[in-house]
Each structure stands twice: as structure tokens, then as C-alpha cells.
Amino acid sequence: LFCTHLTAGLSSIEYSGEFGTWEKEQAQQIDAVIALVDTTAGAEAAVLIGDMNCGPTLPGLEPEMEDNYKKFLTGGFKNPYADAAGAKCTWCNDNTLHGEADAKGPGGSIIDHIFMKNVDAALATARTARVIDGLVEIDVACKKKPVHVSDHYGLSVELDPGF
């Protein structure tokens, strides 16, 4: 099991790193993560989770650094959540902690992922869901205010290995 948080494409902050752009820096990070998984797990099952800050074009959803997202697929990873019919955003315009100014397009994007490698048989019966996307009430200036618990929504993938 591997977990990471990759750099975002920060349009509001000028890039000053050694790779030229936020996207190119993220691409280098992805190459390093894939190499780490490959050398550590080898042919064994591997799960890579986290805020990857990149994602695919899907119906009603906007891509985010999609070429970088495709590096995971080319590297042999599968994404059962994004592959499932009706996948919803994880970085969404309706989130009370950031809203439309931050999320792309009307439907948002999937930038949080549960990638899997070398677990194909179990993926055939994977059940996926977006989770931790409800509201909680907090006190703000002595008034109750409904907010989300995170600016990202969570994911769940349940595998059935067929035993």
C-alpha cells in the first residue's frame, strides 16, 4: 500500500522549480512514484492512493493534467472508481470549503484516486463509491453552518477476490 500527495497545477503561484512548469514537476513525481511501486512491489499486488492532482476526462467532469494521469495507466495501474459508470467528482464545485472558484468546470474533477496494479481478478467485481461527501454543522459566530469535512471527497473501492 502506497500513499502520496502530488503537486497541483497552481495557477495563482508562479512556478520557480527546476522542471519549468507545475505539470512537468508533477510528471517527474509520477515517474518516481511508479518506479518506487515497481521496485518495491514487483509483480505483487499494489495499491496507490492519494490526491494525485490529475485526472481523466469523463462525462460531466473536467480533466486535470490528463496527460500526467495517463502516465499511471501506461504504468500498468487500473482505476476502478474512474472506470465505473457514473463516477463523480472528488474536487467539486458544490463543496462548501472551496466552491466554483477553485474547481474546474461545472462538474468538477476526479483528482483523488485509488490505483491498483497486479490485482486484475479482484477488479472484475470491484464496488466503488464516493464517500465522506456529506455536510456537518459547525458553530460560526454563534450560528450553525453546514460545511463539508474536507475540501475533497473521499473514495472507497471494495474488492471481491472471488474466493
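Residues numbered from 1 in each chain as written. Predicted model: local features only at pLDDT ≥ 70, side-chain atom pairs only at ≥ 80, totals over all residues. Heavy atoms only, no water.

## A few points about the state of the cysteines
Phase 1: If you walk through the whole model with that rule in mind, you get one disulfide.
Phase 2: Cys89 shares a disulfide with Cys92; S-S distance 2.0 Å. Because the torsion about its S-S bond is 120 degrees, the bridge between Cys89 and Cys92 counts as right-handed. Exposure class is identical for Cys89 and Cys92. Each is buried.
Phase 3: Not part of a disulfide, Cys54 finds its nearest cysteine sulfur in Cys3, a span of 14 Å. (Disulfide = S-S within 2.5 Å. Buried < 20%, exposed > 50% of the residue type's maximum accessible area, 1.4 Å probe, protein only.)

## A word on the pairing of strand S2 (residues 46-51)
Phase 1: The pairing of strand S1 (residues 2-5) with S2 spans four bridges and is parallel. By the bridge assignment for S2, His5 is matched with Asp51.
Phase 2: In terms of handedness, the path from S1 via helix H1 (residues 22-41) over to S2 forms a crossover that is right-handed.
Phase 3: With six bridges joining them, S2 and strand S3 (residues 112-117) adopt antiparallel strand pairing. Paired with Leu48 across the two strands is Phe115, which belongs to S3. (Pairing = 2+ DSSP bridges. Helix = DSSP H or I, 4+ residues; strand = E, 2+ residues; numbered from the N terminus. Right-handed = clockwise from strand over helix to strand, strands pointing away.)

## Let's talk about the packing of aromatic side chains
Phase 1: Applying the stated criterion to the full structure yields five aromatic pairs.
Phase 2: A network of ring pairs unites the aromatic residues Tyr69, Phe72, Phe77 and Phe115 as a single cluster.
Phase 3: A cation over a ring is seen here: Lys117 above Phe77, with NZ or CZ 5.1 Å from the ring centre. (Phe/Tyr/Trp six-rings, centres within 6.5 Å; stacked < 30°, edge-to-face > 60°. Lys NZ or Arg CZ within 6 Å of the ring centre and 35° of its normal.)

## Comments concerning the environment of Phe2
Phase 1: Assignment of secondary structure puts Phe2 in strand S1.
Phase 2: Each C-alpha atom, one on Phe2 and one on Val47, is 6.1 Å from the other, the two residues being 45 residues apart in sequence.
Phase 3: For Phe2, the contacting residues outside a window of four places in its chain are Leu36, Val37, Thr40, Ala41, Ala46, Val47, Leu48 and Ile49. (Contact = heavy atoms within 4.5 Å.)

## Brief notes about the side chain of Ser109
Phase 1: Tracing the sequence through the fold places Ser109 in the loop between helix H3 (80-83) and S3.
Phase 2: A distance of 2.9 Å separates a polar side-chain atom of Ser109 from the backbone oxygen of Glu62. (Polar contact = N/O pair within 3.5 Å; in protein donor to acceptor, adjacent residues only side chain to side chain.)

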